[in-house]
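Read off the chains here:
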Amino acid sequence: MLAAIKRGWQKHSLRDERYLALFDEHPDELVSVDCETTSLNVGEAELLSIGAVKIRGNRIIASETFDVLVRPEHRPEAKNVSVHGLRPRDLSAGLTPADAVGRLLDFIGGRALVGYYLEFDVAVLNKYVKPLIGCTLPNRQVELSARYYDYKFRQHPDSHVDLKLQTLIDELKVPALPRHDAAGDAITAAMLYLALKQRGFG
C-alpha cells in the first residue's frame with residue numbers, strides 16, 4: 001500500500017515525460033546495477049562509473065550491458081584510485097553525470113534493480129536522478145544480501161550469517177570476476193541473483 005502511494009507520488013512529481021517508461025514494469029526482466037564512486041559516504045560520493053546488465057528469465061543478457069565512465073566534479077583521491085583503478089586521466093573523457101544517468105534511465109526503464117548493498121548505489125544515483133527528472137528512482141529493488149540472509153537463515157536459524165560479498169560468491173559457487181569494476185560487479189551480482197533464484201530465493 002505504502003509502496004503504491006510512493007510510486008504514485010513519484011509519477012506525479014515526474015517532470016519529463018520521456019521517463020514515463022520508468023513506471024512500466026517488466027515482470028520477467030531485471031537489471032543488475034553497480035556504481036564506482038569517490039567515497040562510501042553518500043553525501044560526499046560522486047559517480048565514477050556505472051555498470052548494469054539485464055536479466056531475462058533465468059539468463060544474463062551479456063549483449064545488453066551498460067558500462068560508462070563518469071567525469072566527476074572533484075579529482076578522486078589517491079586512496080580511492082588504488083581501490084577502483086580509475087585515474088583522473090581515465091575519467092577525463094567520461095560522460096557528465098547527467099548524461100550518464102540519463103542513459104542509465106533509458107537502459108533500465110521500469111525493470112526492477114538488483115544489487116549487493118544496492119541501497120548505497122541507489123542513494124548515490126538519486127542525487128543525480130531527482131534533479132534530472134523530478135523524482136527518485138521508482139524501480140523495485142532486490143537486495144542480494146537480504147535474499148542470501150533469508151536463504152542461510154532457513155538452513156541454520158541460530159547461526160551467524162556472513163554477508164561479505166566474497167562469502168556469497170564462495171557459498172553460491174559463482175565464478176569470480178575482477179572486483180571494483182562496475183560492469184563486472186553488476187554481472188557478478190546478476191549471477192548471485194540467479195544462484196539464489198535457483199535455490200528459491202530470487
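Our structure's up above, just so we're on the same page.
Just so it is clear, the model here is predicted, and its values are computed rather than measured.

Parameters at a glance
Residues numbered from 1 in each chain as written. Predicted model: local features only at pLDDT ≥ 70, side-chain atom pairs only at ≥ 80, totals over all residues. Heavy atoms only, no water. Axes fitted to C-alpha atoms, helices over the stretch in contact; angles between N-to-C directions. Helix = DSSP H or I, 4+ residues; strand = E, 2+ residues; numbered from the N terminus. Parallel < 35°, antiparallel > 145°, perpendicular 65-115°, else oblique. Contact = heavy atoms within 4.5 Å. Nonpolar A, V, L, I, M, F, W, Y, C, P; charged D, E, K, R; others polar. Pairing = 2+ DSSP bridges. Buried < 20%, exposed > 50% of the residue type's maximum accessible area, 1.4 Å probe, protein only. Polar contact = N/O pair within 3.5 Å; in protein donor to acceptor, adjacent residues only side chain to side chain. Phe/Tyr/Trp six-rings, centres within 6.5 Å; stacked < 30°, edge-to-face > 60°. Lys NZ or Arg CZ within 6 Å of the ring centre and 35° of its normal.

1. Re the packing of helix 4 (residues 97–108) against helix 5 (residues 118–133)
Next, step 1: Look at helix 4 against helix 5: their axes get within 10 Å of each other, and the N-to-C directions meet at 85°. In terms of their interaxial angle, helix 4 and helix 5 are classed as roughly perpendicular. Residues Pro97, Ala98, Val101, Gly102, Leu104 and Leu105 of helix 4 touch helix 5, and the partners they reach there are Leu125, Tyr128, Val129, Leu132 and Ile133.
Next, step 2: Of the residues in the contact of helix 4 with helix 5, the class split is ten nonpolar, one polar and no charged.

2. Focus: the environment of Lys164
Next, step 1: One can find Lys164 in the loop between helix 6 (144–155) and helix 7 (165–171).
Next, step 2: With 19 residues separating them along the chain, Lys164 and Ser145 place their C-alpha atoms 8.4 Å apart.

3. Points about the sheet that holds strand 4 (residues 112–115)
Next, step 1: Taken together, five strands build an open sheet; the order of strands is 3-2-1-4-5 and the sheet is mixed. Two strands close off the open sheet at either side, each with one partner strand: strand 3 (59–69) and strand 5 (141–143). Across the sheet, the axes of successive neighbouring strands diverge by a mean angle of 25°, strand direction being ignored.
Next, step 2: Where strand 1 (residues 29–37) meets strand 2 (residues 47–56), nine bridges bridge the pair, whose relative direction is antiparallel. Residue Ser32 lies in a different strand from strand 2, and its bridge partner there is Val53.
Next, step 3: Seen against the sheet, helix 4 touches strand 1, strand 2, strand 3 and strand 4 and runs at an angle of roughly 5° to strand 2.
Next, step 4: Running at roughly 50° to strand 5, helix 6 makes contact with strand 4 and strand 5 of the sheet.

4. Considerations on the side chain of Gln10
Next, step 1: By the element assignment, Gln10 lies in helix 1 (residues 2–13).
Next, step 2: Assessed through its relative accessible area of 5%, Gln10 is described here as buried.
Next, step 3: For Gln10, the side chain forms a polar contact with the main-chain oxygen of Leu137, separated by 3.4 Å.
Next, step 4: The contact partners of Gln10, leaving out residues within four places of it in the chain, are Phe23, Cys135, Thr136, Leu137 and Pro138.

5. Comments concerning the packing of aromatic side chains
Next, step 1: All told, the structure shown has five aromatic pairs when counted by the stated rule.
Next, step 2: Aromatic pair Tyr116 and Tyr117: ring centres 4.7 Å apart, planes at 80°, arrangement edge-to-face.
Next, step 3: Judged by its relative accessible area of 21%, Tyr116 falls in the partly exposed class.
Next, step 4: Using a relative accessible area of 42% as the deciding quantity, one classes Tyr117 as partly exposed.
Next, step 5: A centroid spacing of 5.9 Å and a plane angle of 15° characterise the contact between Tyr149 and Phe153, whose relative ring orientation is stacked. You can see Tyr149 and its partner Phe153 sitting in helix 6, four residues apart, about one turn around the helix.
Next, step 6: Under the relative-accessibility criterion, Tyr149 is labelled partly exposed at 38%.
Next, step 7: Under the relative-accessibility criterion, Phe153 is labelled partly exposed at 37%.
Next, step 8: Counting every residue linked through ring pairs, the aromatic cluster contains Tyr148, Tyr151 and Phe201.
Next, step 9: Lying across the ring of Phe107, Lys54 places its NZ or CZ 4.8 Å from the centre.

6. Structural notes on the pairing of strand 1
Next, step 1: Most of strand 1 sits out of view: nine of its nine residues are buried.
Next, step 2: Side chains Glu29, Val31, Val33, Cys35 and Thr37 project from strand 1 onto one buried face, and the interleaved Leu30, Ser32, Asp34 and Glu36 project onto a second face that is buried too.
Next, step 3: As judged from the three bridges shared by strand 1 and strand 4, these two strands associate in the parallel manner. Note on strand 4: the bridge partner recorded for Val31 is Leu113.

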